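# Observations on chain architecture
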Amino acid sequence: MKLTFLGAAGEVTGSCFLVEAPGLRFLVDCGMFQGGREADAKNAQPFAFDPRALDFVLITHAHIDHSGLLPRLAAEGFRGPIYATEATADLLAVMLLDAAHIQEKEAEWRERGRRRREAAAPPLYTVIEAQACLAQLKPVAYDAEVAPHPSVRCRFRDAGHILGSAIVEARVTAGGQTRRLVFSGDLGQPGRPIVRDPTPVAEADVLVVESTYGNRLHKPLDETLDELVAALDETIVKRRGNVVIPAFAVGRTQDLLYLLADLHRSHRLPPVQVYVDSPMATKATAITIRHADILDAPTRAQLDWLRTNPAQPRFSFVQDVEESMALDRVRHGAVIIAASGMCDGGRIRHHLAANLPRPESSIVFTGFQAQGTLGRRIVDGAREVRIFGEDIPVRARVHTIGGLSAHADQAALLGWLRKFRAPPRQTFVVHGEAATADLFAQTVREQLGWGATVPARGATITLP
Ligand code: ZN
C-alpha cells in the first residue's frame, strides 16, 4: 500500500493525498493551491496520476484549499463518486460554483490584457464543469460507515473546523491485511462557537495530521469578545461612526453573527444595525441553520432563543448591489460584515473606500491577512491605500482581534493526539508552513515520543 503527498506538504494549501493498493486508487481531498503566481502554476500542472483511474474521492471539508480542484479532476475524466458529509456537499454546491465564476472572470481579464499573438491562459475550469462535478457528490452522515470500494470502509468524524468538516478514518484491506488510515483534515479549536469540538480518535496505523498553528497558542474567546465590545463601544457610541469587518463568507461570518447575537442577549451590544453584505455569506448562513442538528449546544440554544424571543438583534442580509452601495451613505451605527476576508475582492472594498477616510469609523480584522493583500497593507499601518484606482487616506481606527481562528492551536493539536490509545505506526505532519510543520513534528516527537515526520511534496511512502 502506498501513500503520496501531492499537496499541503510543507505548505498550507493544496491538500491532496493519493492512496494506492493493488486494484485500488483513491484521493483524500483535491484542493487548490492558493496565494500568488506560483500557486496558479501548480493548479494548472497536470495531475500526478490519471484522473480516469481513480475509484473514488473523499473530501474532508468545503474549503477551496481542500476541494477546489474537483471540477478539474472531473473535467479530466474522473467519473467516480465524491464522498463528503451532507453539510460539506451543500457548501460545495455554493463554493465550487463561486470558484468557477472567479476562474472565468480572471480568464476574461487575461484575455483582454493579453498581447497580440500571445494566447491567454483559459480558466482552470468553468461554471458548467463545476456544476457537472457536483452531480458526483455522495453526501454521507457523520459517523456512518460507508464502503466506497469492496476493500475500503470509512467514516467521517466531526473535525470541529467549519460546518461539515471531517476527520476521515479509512480501513483499507490489501494483501490480506487491514490498515487504519486517519486523515485529520483541518482540526478546529475546542470551545469555539457554531461547530462542535473535534472528535477524539483512538486508533490509527497511519496518521496524517494538520499543523497550521502548530507553533502557537490562541487567545481565549472571552478576551476576544471583550476586544470586540470595546471596539464597538468606542466607534458606535463614543465616535458615532461605523464598524467595517472584513470576513470570509463561510465560517467567520457565522462566528461573528453568533458572537454579536450573544452580546445582544447579554445586553453588551450597543444599539447597532448589523449588515451581512455578501450573497455567499447569506447562503452559507442559511445552510448552517439548515444543519442545526450538527451545531454545538450553545449555538442550537441561541437559534432557539432567536426563534422565540421578540427582542431580536437587528441583522439584515443585503442582496442587491444597489442596496450594498446605499450602505455607504449610512453615517453611523452600522456594523458591516462583508467578504472577502483579506479585502482583495468583493463588496468589502467599497465599504472600505467609504469608511477608511473617516476618523470616526473602525475597521476590525478578525482573521489572518496574507502578505500582498489590501487587508495586510491596512493592518501594517499604511497611511493611504489604493482602491478602485483611487488613493484613499486611512483615518479610521484599525483593530485586529486575534482569537477567532478556526484551526486548533498547538495545545489543542497535542490534546487531540493524546487521545490516541497507542502511537500510530507512522505520523505525517502536513498543512503547515515548512518551519511550523517541522517545529510541530519535533514537538510531537519530544512530548509524545511518536515518530512524526514532515513529508515533502510529491513524496511516496510505502506503508509497512
Ligand atoms: Zn479549512
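Each value, and the rule that gives it
Residues numbered from 1 in each chain as written. Predicted model: local features only at pLDDT ≥ 70, side-chain atom pairs only at ≥ 80, totals over all residues. Heavy atoms only, no water. Donors = N, O, S within 2.8 Å, 3.2 Å for Na, K, Ca; no water. Tetrahedral: all angles 85-135°; square planar, octahedral: opposite > 155°, others 65-115°. Helix = DSSP H or I, 4+ residues; strand = E, 2+ residues; numbered from the N terminus. Buried < 20%, exposed > 50% of the residue type's maximum accessible area, 1.4 Å probe, protein only. Pairing = 2+ DSSP bridges. Axes fitted to C-alpha atoms, helices over the stretch in contact; angles between N-to-C directions. Core = buried A, V, L, I, M, F, W, Y, C linked by side-chain atoms within 4.5 Å. Domains from an automatic or database assignment. Contact = heavy atoms within 4.5 Å. Parallel < 35°, antiparallel > 145°, perpendicular 65-115°, else oblique. Left-handed = near helix turned anticlockwise from the far one by under 90°. Nonpolar A, V, L, I, M, F, W, Y, C, P; charged D, E, K, R; others polar. Phe/Tyr/Trp six-rings, centres within 6.5 Å; stacked < 30°, edge-to-face > 60°. Lys NZ or Arg CZ within 6 Å of the ring centre and 35° of its normal. Buried area = accessible area lost by both parts, 1.4 Å probe. Salt bridge = Lys/Arg side-chain N within 4 Å of Asp/Glu carboxyl O.

This brings us to the coordination of the zinc ion. Every protein donor of the zinc ion is listed here as His-61 (NE2), His-63 (ND1), His-161 (NE2) and Asp-186 (OD), and their distances to the metal cover 2.2 to 2.3 Å. Because the angles between the 4 donor atoms bound to the zinc ion fall within 91 to 166°, the donor set is best described as irregular. Positions of the donor residues of the zinc ion, expressed as sequence spacing, correspond to H-x1-H-x97-H-x24-D. Taken together, the residues span a long stretch of sequence, with His-161 in the loop between strand E8 (152-158) and strand E9 (166-174) and Asp-186 in the loop between strand E10 (177-183) and strand E11 (206-210) at a distance of 25 residues. Here His-161 matches Asp-186 in class, with each residue buried.

The strand order across the open sheet built from 7 strands is E6-E5-E4-E3-E2-E1-E22, with neighbouring strands paired in mixed fashion. Edge positions in the sheet fall to strand E6 (137-140) and strand E22 (460-462), since each of these pairs with one other strand and no more. Strand-to-strand twist across the sheet, computed as the mean angle between neighbouring axes with direction ignored, equals 25°. In this structure, strand E5 (residues 82-85) lies alongside E6, joined through 4 bridges in parallel fashion. Of the residues in E6, the one forming a bridge with Tyr-83 is Lys-138.

What follows covers the sheet that holds E8. Taken in spatial order, the 7 strands make up an open sheet running E7-E8-E9-E10-E11-E20-E21, and their pairing is mixed. Each edge of the sheet is formed by a strand with only one pairing partner; in this case those strands are strand E7 (146-149) and strand E21 (452-453). The pairing of E7 with E8 spans 2 bridges and is antiparallel. Its bridge partner being in E8, Val-146 is matched across the sheet by Cys-154.

With that settled, consider the nonpolar core. Most often, soluble globular proteins keep nonpolar side chains buried together rather than apart. In terms of nonpolar packing, the biggest core is built from 108 residues, with Leu-3, Leu-27, Leu-70, Leu-73 and Val-335 touching the most fellow members. If you tally residues by element for this core, the top one is helix H4 (residues 86-113), at 9 residues. Of the domains in this structure, domain 1 (2-216 + 406-462) and domain 2 (221-404) are the two that each give at least three residues to this core. Setting aside chain neighbours within four positions, we find Leu-70 in contact with Cys-30, Val-57, Ile-59, Ile-82, Leu-92, Leu-96 and Cys-133. Core analysis: the second largest hydrophobic core is formed by 22 residues, Ile-167, Trp-416, Ala-437 and Ala-452 among them.

Let us look at the packing of helix H7 (residues 252-265) against helix H8 (residues 279-290). Helix packing geometry: the angle between the two helix axes and the distance between the axes. The contact between H7 and H8 brings their axes to 9 Å, and the two run at 70°. Between H7 and H8, the interaxial angle falls into the category roughly perpendicular. Of the two possible hands of crossing, H7 and H8 adopt the one that is right-handed. Here Thr-253, Gln-254 and Leu-257 of H7 come into contact with H8, specifically with Ala-281, Ala-284, Thr-285 and Thr-288. Considered class by class, the residues forming the contact of H7 with H8 number 3 nonpolar, 4 polar and no charged.

This part is about unusual backbone geometry. In terms of backbone geometry, most residues other than glycine have negative phi values and most peptide bonds are trans. Cis geometry marks the peptide bond from Ala-339 to Ser-340; its omega dihedral reads 5°. Within the element layout of this structure, Ser-340 appears in the loop between strand E15 (334-338) and helix H11 (348-355). Even without being a glycine, Asp-29 presents a positive backbone phi close to 70°. With respect to the helices, strands and loops of the structure, Asp-29 is situated in the loop between strand E3 (24-28) and helix H1 (37-44).

Next up on the list: the packing of H4 against H8. Remark: H4 packs on H8, axes separated minimally by 9 Å, with the N-to-C direction vectors making an angle of 170°. In terms of axis orientation, H4 runs roughly antiparallel to H8. Between H4 and H8, the residues in contact are Asp-90, Leu-91, Val-94, Met-95 and Asp-98 and Met-280, Lys-283, Ala-284, Ile-287 and Arg-290, respectively. Taken together, the residues of the contact of H4 with H8 break down into 6 nonpolar, no polar and 4 charged.

A separate point is the packing of aromatic side chains. Throughout the structure, instances matching the rule amount to 8 aromatic pairs. Seen from the ring of Phe-47, Arg-72 lies directly overhead, with NZ or CZ sitting 4.2 Å from the centre. Above the plane of the ring of Phe-388 lies Arg-349, whose end atom (NZ or CZ) is 6.0 Å from the centre.

For the rest of this paragraph, the subject is the environment of Phe-56. Within the fold, Phe-56 resides in strand E4 (residues 56-58). The exposure class of Phe-56 is buried, given its relative accessible area of 0%. Sequence separation of Phe-56 and His-149 is 93 residues, and the distance between their C-alpha atoms is 8.2 Å. What Phe-56 contacts, discounting residues up to four positions off in sequence, is Leu-24, Arg-25, Phe-26, Leu-27, Phe-78, Pro-81, Tyr-83, Pro-148, His-149 and Val-152.

What follows deals with the domain arrangement of the chain. Assigned domains within the chain: domain 1 (2-216 + 406-462) and domain 2 (221-404). For domain 1 and domain 2, the distance between their C-alpha centres works out to 29 Å. Taken together, the 21 residues of domain 1 in the interface contact 22 residues of domain 2. Both faces combined, the contact of domain 1 with domain 2 buries some 1,800 Å², and carbon together with sulfur accounts for 69% of it. Joining domain 1 to domain 2, the criterion identifies 1 salt bridge. The salt bridge involving Asp-90 is made with Arg-290; its shortest N-O contact spans 3.1 Å.

Moving on to the pairing of E8. Of the two faces of E8, only one is covered, namely that formed by Val-152, Cys-154, Phe-156 and Asp-158; the face formed by Arg-153, Arg-155 and Arg-157 stays uncovered. As consecutive antiparallel partners, E7 and E8 are separated by 2 residues. As paired elements, E8 and E9 share 7 bridges and run antiparallel to each other. Along E9, the bridge assignment pairs Asp-158 with Ala-166.

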